[in-house]
Amino acid sequence: SGGVRVYTIVFSSNAPNPANFDGTEGALATDGNSEIWIYKLPAVADVDLTLGAELPLQDLSIGTFQQATNTPASRVPRAGTTTLTPFFADDNRDASISDDGNVLAFISTRNLVIGVGNADGNPELFFFNVLTGSFTQATRTQDTTAGIGLVFQASPSLSSDGTVVSFISSANLASNNTDGNAEIYVANFSGGAVSNIRHGTRT
């Protein structure tokens, strides 16, 4: 864009500030769940390497971070002991980003769209519109017993323009997955609404 390349990364972190986390416990003791972050690298000049040019060193510390989710933890963190493994709530995860960096798809157990609702904390598919800062909840499923994890969504992957998503689900989303097997689904995203959820696999 404008003779430069702009690289944008989306990732999960439970650090209060991934740009500069000094390792102190602080807020981690009471929250510390994973959140979705966007990191935009400093613009890189488009160099023709076929002419023998060298890429200049880039100072990555001047890139910008943007926090996409900011949610209370489903469970507080637990330090490790000789008998217990350490734990933090991986509440917002599996993020995917469109090529233009304007659409995210990810999995969350949090109640991000109050009008739709995810009060039971099931892993659901969400979208985030970076330009408007708005969330769209794509699925609304329930476990028979909340928190068991038999009904879930996972691993979304976006098309280059962010209008199509594929993901894994064990729910009966297209009325033909009554055995609860984890299947691949495909859906369309308009920027504010999800439509045409359909099977990619049926096994």
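Remember, it's a predicted structure, so these values are computed and weren't measured experimentally. (Residues numbered from 1 in each chain as written. Predicted model: local features only at pLDDT ≥ 70, side-chain atom pairs only at ≥ 80, totals over all residues. Heavy atoms only, no water.)

Peer 1: Let's hear about the sheet that holds strand E11 (residues 164–169): which residues, and what values?
Peer 2: Across the sheet, 4 strands lie side by side as E10-E11-E12-E13; this open sheet has antiparallel pairing. In this open sheet, the two strands that pair with only one neighbour each are strand E10 (153–158) and strand E13 (194–199). Ignoring which end each strand starts from, the neighbouring axes of this sheet average 25° apart. Here 6 bridges tie E11 to strand E12 (residues 183–189), and the two strands are oriented antiparallel to one another. Note that in E12 the partner of Ser166 across the bridge is Val186. (Pairing = 2+ DSSP bridges. Helix = DSSP H or I, 4+ residues; strand = E, 2+ residues; numbered from the N terminus. Axes fitted to C-alpha atoms, helices over the stretch in contact; angles between N-to-C directions.)

Peer 1: Quick rundown of the pattern of salt bridges? Include the residues and the values.
Peer 2: Applying the stated criterion across every chain, the model contains 1 salt bridge. In this structure, Arg110 engages Asp91 in a salt bridge whose closest nitrogen and oxygen atoms are separated by 3.9 Å. In this pair, Arg110 sits in the loop between strand E7 (103–108) and strand E8 (124–129) while Asp91 sits in the loop between strand E5 (64–67) and strand E6 (92–97), placing the two residues 19 residues apart along the sequence. Residue Asp91 is classed as buried on the basis of its relative accessible area of 2%. (Salt bridge = Lys/Arg side-chain N within 4 Å of Asp/Glu carboxyl O. Buried < 20%, exposed > 50% of the residue type's maximum accessible area, 1.4 Å probe, protein only.)

Peer 1: Before we move on, can you summarise the sheet that holds strand E2 (residues 8–13) with the specific residues and values?
Peer 2: Overall, antiparallel pairing links the 3 strands, which are arranged E2-E3-E5 in an open sheet. The open sheet has two edge strands with one neighbour each: E2 and E5. Shown here is a sheet whose adjacent strand axes are inclined to one another by a mean of 25°, direction ignored. Here E2 runs beside strand E3 (residues 35–40); their pairing, made up of 6 bridges, is antiparallel. Pairing of Thr8 across the sheet is with Lys40, part of E3.

Peer 1: Break down the packing of aromatic side chains for me, citing the residues and quoting the values.
Peer 2: Centre distance and the angle of the planes are the two values used to describe a pair of aromatic rings. As enumerated under the stated definition, the model contains 7 aromatic pairs in all. Ring centres of Tyr39 and Phe65 lie 4.6 Å apart, and the angle between their planes is 35°; on these two criteria the pair is classed as tilted. In this pair, Tyr39 sits in strand E3 while Phe65 sits in strand E5, placing the two residues 26 residues apart along the sequence. The exposure class assigned to Tyr39 is buried, which follows from its relative accessible area of 9%. Ring centres of Phe167 and Tyr185 lie 6.0 Å apart, and the angle between their planes is 25°; on these two criteria the pair is classed as stacked. Note that Phe167 is positioned in strand E11 and Tyr185 in strand E12, a separation of 18 residues in sequence. (Phe/Tyr/Trp six-rings, centres within 6.5 Å; stacked < 30°, edge-to-face > 60°.)

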